[in-house]
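# Fold and contact review
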Amino acid sequence: MKTIVFDLGGVLIDWNPRNMYRKYLSDKEIDFLLSEVCNMDWNALMDAGLPFQEGTDMLAKKFPEHREMIIKYWKEWPDMIGGPINETVAILEKLHAQNYPLYALTNWSMETFPPILNRYDFFKIFKGIVVSAEEGICKPDEKIYQILFERYNINPSETIFIDDNMANIVAAKRLGMTALHYQGADQLIEDLTMALPAFRI
């Protein structure tokens, strides 16, 4: 039976800094802030294990004119969570009911992941979760996939990987996994139906 590995943010959980910044900034201002200041390269430092306070201080020194909004990225981080993506959670639960082995591989800070882990019951479905900050490595670095394989005795050729980030999909394919680019629950159902002939929704 195929093993299924899920990404979390953007697939099962609506994580988006815009959810928080809309309280303070226009869409144009948010676009600038997230592309030029609090961008994904900076966020990846925390996902790889850098303490948020250090990351915030570092960025505020570089962009003192944006200090207030940079601090909010850390202090008001919970408001970035829009909640579970219920349609995808329903798919996860269907897979669980059909006895597919389920795991998660996520880029996430260890300072912000535990509150999320305790918030949603569907995390209990996973047989194991690999968190980037705990390993000091982020997707799409192949090393974090290898950690997943070795820790849980997973055969990549017998594994389906689901992620919304194309770079992570490319890395998974390179390692021999069947990789499905998440573009919404309907597309995922279609892709899983093709990849898993026995899957029933």
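Below is a summary of the structure that appears in this document. Remember, it's a predicted structure, so these values are computed and weren't measured experimentally.

Residue Pro140 follows Lys139 across a cis peptide bond; omega there is 10°. Among the secondary structure elements, Pro140 is positioned in the loop between helix H8 (132-135) and helix H9 (142-151). A positive phi is found at Asn99, a non-glycine position, where the angle reads about 70°. Tracing the chain through its elements places Asn99 in the loop between helix H6 (86-97) and strand E4 (102-106). Relative accessible area serves as the criterion here: at 60%, Asn99 is assigned to the exposed category. In this model, Asn153 sits at a positive phi of 55°, which is unusual for a non-glycine residue. Looking at the element boundaries, Asn153 is found in the loop between H9 and strand E6 (159-163).

In this section: the state of the cysteines. One pass over the full model with this rule turns up zero disulfides. This cysteine, Cys38, is not joined by any disulfide, and Cys138 carries the nearest cysteine sulfur, 17 Å off. By relative accessible area, which is 16% here, Cys138 ends up buried.

Its location among the elements puts Thr56 in helix H4 (residues 52-62). The exposure class of Thr56 is buried, given its relative accessible area of 4%.

Applying the stated criterion across every chain, the model contains 13 aromatic pairs. Seen in terms of ring centroids, Trp77 and Trp108 are 6.0 Å apart; in terms of plane orientation they differ by 65°. Their pairing is edge-to-face. In this pair, Trp77 is assigned in the loop between helix H5 (67-75) and strand E3 (81-84) and Trp108 in the loop between E4 and helix H7 (113-119), connecting sequence segments 31 residues apart. Neither residue differs from the other here; Trp77 and Trp108 are each classed as buried. The rings of Phe6, Trp77, Trp108, Phe113, Tyr120, Phe122, Phe123 and Phe126 are connected pair by pair, giving a single aromatic cluster. Positioned above the aromatic ring of Tyr24, the side-chain terminus of Lys72 is 4.2 Å from the ring centre.

Right, let's get into the sheet that holds E4. Whether parallel or antiparallel, the strands of a sheet pair through hydrogen bonds between backbone atoms. Taking strand neighbours across the sheet as the criterion, the five strands line up as E5-E4-E1-E6-E7 in an open arrangement whose pairing is parallel. Looking at the sheet topology across the chains shown, the edges are occupied by strand E5 (128-131) and strand E7 (178-181). Between one strand axis and the next, the sheet turns through 20° on average, direction left out of account. Where strand E1 (residues 3-6) and E4 come together, three bridges link them in parallel fashion. Directly across from Val5, in E4, lies its bridge partner Tyr103. Together, E1, E4, E5 and E6 form the strand contacts of H9, whose direction differs from that of E4 by roughly 155°.

By size, the foremost hydrophobic cluster in this structure holds 53 residues, and its most contacted members are Phe6 and Phe126. Discounting chain neighbours no more than four positions away, the residues touching Phe126 are Phe6, Leu8, Leu12, Leu92, Leu102, Tyr103 and Ala104. In this structure, Tyr103, Leu105, Ile144 and Leu175 belong to the second largest nonpolar core, which totals 18 residues.

Basis of the calculations
Residues numbered from 1 in each chain as written. Predicted model: local features only at pLDDT ≥ 70, side-chain atom pairs only at ≥ 80, totals over all residues. Heavy atoms only, no water. Helix = DSSP H or I, 4+ residues; strand = E, 2+ residues; numbered from the N terminus. Buried < 20%, exposed > 50% of the residue type's maximum accessible area, 1.4 Å probe, protein only. Disulfide = S-S within 2.5 Å. Phe/Tyr/Trp six-rings, centres within 6.5 Å; stacked < 30°, edge-to-face > 60°. Lys NZ or Arg CZ within 6 Å of the ring centre and 35° of its normal. Pairing = 2+ DSSP bridges. Axes fitted to C-alpha atoms, helices over the stretch in contact; angles between N-to-C directions. Contact = heavy atoms within 4.5 Å. Core = buried A, V, L, I, M, F, W, Y, C linked by side-chain atoms within 4.5 Å.

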